[in-house]
Amino acid sequence: MSVKTKYVDLLTDISFKRVFGVDQNRDLLIAFLNEVFKGRKHIMDLVFNKNEHHGNNKEEGSAIFDLLCTGDKGERFLIEVQTGTPTNFKKRALFYTSRLISEQAPKGGMKDWAYDITEVYFLGILEESITADPRYFHDIGLCYRDTGEIFYDGFGHIFIELSKFVKTIEELNPNSDLENWLYAFKHLREMNDMPAQLQQNVIFEKLYTIAEYSNMTKEEQEIYEKELKQKWDNAAVKNQKFLEGEEKKAREIALDMKKDGVALDIIIKYTKLSAEEIEKL
């Protein structure tokens, strides 16, 4: 399979950071974040921060984020892109955001600080799911468990599960730029042209132009191709493990049915195993 499609896969490290993580493209990230927060916040500008934060001691180690930026009102936005099946992603998100809060304490004394912390938000863009909830957009904050009333609105986590975003290009809400963003995250690499409904939108025109494979430098293309191949290899390994698991399950069912005296044709019908495979059990 060739990697040389017109547009890059936004869910690789180099393409995501190339599109959203450089100063000249901060307007793209601002537009995306404003759609994610759905009017609850309105970000006018932001600056990019280092994406590695060290612990308070040598044993604690460092936390490395995909993207960390500060809004014009001092808010901290931590953005993580996750391909494949994540491990303890919710806990990792809490760890990262907790560290961004704790590091705000002044070094050497807290007498006059009065815990005046800035807002901290985590945004996780996930290729696969971490919840059984059918919704693809999860906006989590600190609230009262019984009423849902917000207790503190300066801390929150947003998880977007792209596997659950299943709208076709024709089904996209024309009044929702968020849906256009999510469609691009999920399908940009498969597309040959920019959707007609976006061609008068300067933000999306810039997104689609920057995301063209041909606009990468040769070095960027080489890195991108390696990352994409690694992504495919990981998917292939996962698929193989899934198939092996399904085959094992089918064999276990077939063996139980065989022990119960179920007819061979019935076992074949329900397990999809061959007669030879069943006879060897």
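Analysis parameters
- Residues numbered from 1 in each chain as written.
- Predicted model: local features only at pLDDT ≥ 70, side-chain atom pairs only at ≥ 80, totals over all residues.
- Heavy atoms only, no water.
- Helix = DSSP H or I, 4+ residues; strand = E, 2+ residues; numbered from the N terminus.
- Rg over C-alpha atoms; globule rule 2.2 N^0.38 Å.
- Buried < 20%, exposed > 50% of the residue type's maximum accessible area, 1.4 Å probe, protein only.
- Contact = heavy atoms within 4.5 Å.
- Areas by Shrake-Rupley, 256 points an atom, 1.4 Å probe, with all protein chains shown as cover.
- Lys, Arg positive; Asp, Glu negative; His and termini not counted.
- Charge placed at Lys NZ, Arg CZ, Asp CG, Glu CD.
- 1 Å grid on protein atoms, 1.4 Å probe; cavity = no way out; pocket = protein on both sides within 12 Å on 5 of 7 lines; lining within 4 Å.
- Points joined across faces, edges and corners; volume = space filled by probe spheres on them.
- Salt bridge = Lys/Arg side-chain N within 4 Å of Asp/Glu carboxyl O.
- Phe/Tyr/Trp six-rings, centres within 6.5 Å; stacked < 30°, edge-to-face > 60°.
- Lys NZ or Arg CZ within 6 Å of the ring centre and 35° of its normal.
- Pairing = 2+ DSSP bridges.
- Axes fitted to C-alpha atoms, helices over the stretch in contact; angles between N-to-C directions.
- pLDDT = per-residue confidence, 0-100.
- Patch = residues over 30% accessible without salt bridge, like charges linked within 9 Å, V, L, I, M, F, W, Y side chains within 5 Å.

Participant: What is the right way to look at the overall build of the protein in this model?
Facilitator: Helix and strand counts for the protein come out as eight helices and eight strands. Since a compact globule built from 281 residues should have a radius of gyration of about 19 Å, the 24 Å found for the protein marks it as more spread out than a globular shape. The dimensions of the protein, computed from C-alpha atoms along their principal axes, are 80 × 45 × 40 Å. Expressed as a percentage of the 281 residues in the protein, the buried residues total 38%. Taking the contacts inside the protein whose residues are at least 6 apart along the sequence as the reference set, 61% of them involve residues at least 24 apart. When the accessible surface of the protein is totalled, it reaches about 16700 Å², and 53% of it is carbon and sulfur. Each charge sign in the protein was given a centre, from 39 positive and 49 negative side chains, and these centres are 4 Å apart.

Participant: Whenever I open this one, the layout of surface pockets confuses me. Can you help?
Facilitator: To locate leftover empty space, one rolls a probe as large as a water molecule over the atoms. In this structure, the largest pocket occupies an estimated 540 Å³ of space. What lines the largest pocket is a set of 22 residues, and nearest its centre among them are Leu11, Thr83, Gly84, Lys231 and Asn234. Looking at the lining of the largest pocket, the elements that each hand over two or more residues are helix H1 (13–20), strand E5 (76–82) and helix H6 (218–259). Element by element, the count of residues in the lining of the largest pocket is highest for H6, at seven residues.

Participant: Can you help me understand the pattern of salt bridges in this one?
Facilitator: When their charged atoms lie close together, side chains carrying opposite charge are able to pair. Throughout the structure, instances matching the rule amount to 21 salt bridges. The salt bridge partner of Lys17 is Asp13, with a shortest N-O separation of 3.1 Å. Here Lys17 and its partner Asp13 are both found in helix H1, four residues apart, which amounts to about one turn of the helix. Judged by its relative accessible area of 25%, Lys17 is partly exposed. Two residues, Glu277 and Arg251, come together in a salt bridge whose shortest N-O distance is 3.5 Å.

Participant: Could you clarify how one ought to interpret the packing of aromatic side chains in this entry?
Facilitator: When we look at a pair of aromatic rings, we describe it by the centre distance and by the angle of the planes. Taken as a whole, this structure holds 19 aromatic pairs when the rule is applied. An angle of 15° between the planes, with centres 5.6 Å apart, marks the rings of Phe20 and Phe185 as stacked. With Phe20 in helix H1 and Phe185 in helix H4 (residues 177–187), this pair connects stretches of sequence that are 165 residues apart. Like Phe20, the residue Phe185 is buried in the burial classification. Arranged with centres 5.8 Å apart and planes meeting at 85°, the rings of Tyr144 and Phe151 form a pair that is edge-to-face. What makes Phe151 exposed here is its relative accessible area of 58%. The structure contains a cluster of three or more aromatic residues connected by ring pairs, namely Phe16, Phe20, Phe32, Trp181, Phe185 and Phe204. One residue, Lys38, lies across the ring of Phe137, its end atom 4.0 Å from the ring centre.

Participant: Any chance you could explain the sheet that holds strand E7 (residues 137–143) here in plain terms?
Facilitator: Sheet strands line up and pair through hydrogen bonds in the backbone, either parallel or antiparallel. Reading across from one edge, E1-E4-E5-E6-E8-E7 is the order of the six strands in this open sheet, with mixed pairing throughout. Each of the sheet's edge strands pairs with one partner strand only, and the pair in question is strand E1 (46–48) and E7. Looking at each pair of strands side by side, their axes are set apart by 20° on average, direction ignored. Relative to E5, strand E4 (residues 67–71) runs antiparallel, the two being bridged by four bridges. Within E5, the residue paired with Cys69 across the bridge is Phe77. Strands in contact with helix H2 (residues 26–36) are E1, E4, E5, strand E6 (120–126), E7 and strand E8 (150–161); relative to E1, the strand with the most contacts, it is inclined by about 120°.

Participant: How should I be thinking about the confidence of the model for the protein in this particular structure?
Facilitator: Any residue range with low pLDDT should be treated as having predicted coordinates unsuitable for detailed reading. Mean pLDDT over the protein stands at 88; residues scoring 70 or higher make up 93%. Across residues 53–64, where pLDDT falls below 50, the model places 29 contacts with residues more than four positions away in sequence or in other chains.

Participant: Sorry if this is basic, but what is going on with a nonpolar patch on the surface here?
Facilitator: A cluster of nonpolar residues, Leu142, Tyr144, Phe151 and Tyr152, forms a patch on the protein surface that exposes about 400 Å² of accessible area. Here Tyr152 lies in strand E8. According to the relative accessible area criterion, Tyr152 is partly exposed, its value standing at 32%.

Participant: Just to check I follow, could you spell out the pairing of E5 for this structure?
Facilitator: Of all seven residues that make up E5, seven are buried, and the element is covered over most of its length. Along E5, one buried face is formed by Arg76, Leu78, Glu80 and Gln82 and the opposite face, lined by Phe77, Ile79 and Val81, is buried too. Between E4 and E5, which pair antiparallel in sequence order, lie four residues; one of them, Gly74, sits at a positive phi of approximately 90°.

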